[in-house]
Amino acid sequence: MTVNGQSEARFSPEYHNNMPQPPAPPTASKQPQPPAKGVDSQSVSRRLQSELMSLMMCGDPGISAFPEGDNIFCWKGTITGSKDTVYEGMIYKLSLSFPTDYPFKPPKVKFETIIFHPNVDTFGNICLDILQDKWSSAYDVRTILLSIQSLLGEPNNDSPLNNQAAALWINQEEYRKVVEKQYKVVGGGN
């Protein structure tokens with residue numbers, strides 16, 4: 001017998017029980033995944049060397065970073081404030097410390113130059129999602145530096161580390177005065 005042009009066998013339970021079943025969807029696990037097999041300090045070192053070359057070749061304005069001495073796992077970076085922001089032309093120094101399981105874990109990035117910003121505390125710690133829970137192994141040093149540079153002009157006031165800066169952000173004229181005064185006091189990025 002046929003139903004709507006299809007064989008009756010297709011509607012029997014035996015037919016469906018013998019059909020291959022799709023794989024079960026993966027279960028969400030809150031357990032951290034171990035680093036991929038074969039990740040070692042040499043492969044991380046090669047990745048960082050490759051990122052250094054890419055960063056040097058890209059020519060993005062206002063960002064730079066280099067290993068500190070012979071240690072490929074510790075870098076010093078600089079970010080220049082973007083045009084049309086209160087940080088325009090100001091140069092800020094950063095430290096980047098890469099874990100041995102990079103890029104599966106983000107580097108620790110801190111401002112070395114004191115900065116008045118809603119998402120940076122007095123110790124230079126940065127509240128930026130891609131350095132925390134939104135990290136992806138697809139990110140690289142260039143992505144990090146560009147994201148921090150962008151954060152200077154577009155802070156996340158919903159997640160401040162500096163409440164005074166977050167409250168003052170709405171008054172850009174006063175905010176600029178505080179930023180400029182502090183920048184001069186700390187020696188302008190030195």
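Residues numbered from 1 in each chain as written. Predicted model: local features only at pLDDT ≥ 70, side-chain atom pairs only at ≥ 80, totals over all residues. Heavy atoms only, no water.

Asker: So, unusual backbone geometry: which residues are in play, and what are the values?
Answerer: With an omega of 10 degrees, the peptide bond running from Tyr102 to Pro103 counts as cis. Here Asp84, not a glycine, exhibits a phi torsion of approximately 65 degrees, which is positive. Exposure remark for Asp84: the relative accessible area of 67% places this residue in the exposed category. (Buried < 20%, exposed > 50% of the residue type's maximum accessible area, 1.4 Å probe, protein only.)

Asker: For the side chain of Asp121, give the residues involved together with the corresponding values.
Answerer: Relative to the assigned elements, Asp121 resides in the loop between strand E6 (108–111) and helix H3 (141–153). One buried charged residue, Asp121, forms no salt bridge at all, with the nearest opposite charge on Lys110 at 6.6 Å. Within the local environment of Asp121, its side chain forms a polar contact with the backbone nitrogen of Asn125, the two atoms lying 2.9 Å apart. (Helix = DSSP H or I, 4+ residues; strand = E, 2+ residues; numbered from the N terminus. Lys, Arg positive; Asp, Glu negative; His and termini not counted. Salt bridge = Lys/Arg side-chain N within 4 Å of Asp/Glu carboxyl O. Polar contact = N/O pair within 3.5 Å; in protein donor to acceptor, adjacent residues only side chain to side chain.)

Asker: So what's going on with the sheet that holds E6? Which residues, and what values?
Answerer: The 4 strands are arranged E3-E4-E5-E6 in an open sheet whose pairing can be described as antiparallel. Every other strand in the sheet has two partners, leaving strand E3 (63–68) and E6 as the edge strands with one partner each. Within the sheet, the average angular offset between the axes of one strand and its neighbour, ignoring direction, is 25 degrees. Both strand E4 (residues 71–80) and strand E5 (residues 91–97) contribute to a ladder of 7 bridges, which runs antiparallel. The residue bridging Cys74 from the neighbouring strand is Ser97, located in E5. The sheet contacts of helix H2 (residues 41–58) involve E3 and E4, and relative to E4 the element is tilted by about 25 degrees. Packing of H3 onto the sheet brings it into contact with E3, E4, E5 and E6, and relative to E3 it is tilted by some 130 degrees. (Pairing = 2+ DSSP bridges. Axes fitted to C-alpha atoms, helices over the stretch in contact; angles between N-to-C directions. Contact = heavy atoms within 4.5 Å.)

Asker: Requested: an account of the side chain of Thr113, with residues and values cited.
Answerer: With respect to the element layout, Thr113 can be found in the loop between E6 and H3. Side-chain polar atoms of Thr113 contact the backbone nitrogen of Lys93, separated by 2.9 Å.

Asker: If you had to explain H2 to someone new, which residues and values would you point to?
Answerer: Across its 18 residues, H2 extends 25 Å between first and last C-alpha, which sits within 8% of the 26 Å expected from 1.5 Å per residue. Within H2, burial applies to Val44, Ser45, Leu48, Glu51, Leu52 and Leu55. Buried residues of H2, viewed axially, fall in a sector of 125 degrees; they line one side. Counted as exposed and oriented over 90 degrees from the buried face of H2: Gln42, Arg46 and Met57. Phi for Gly59, located one or two positions after H2, is positive at around 70 degrees. (Expected span 1.5 Å × (residues − 1). Arc of directions from axis to C-beta.)

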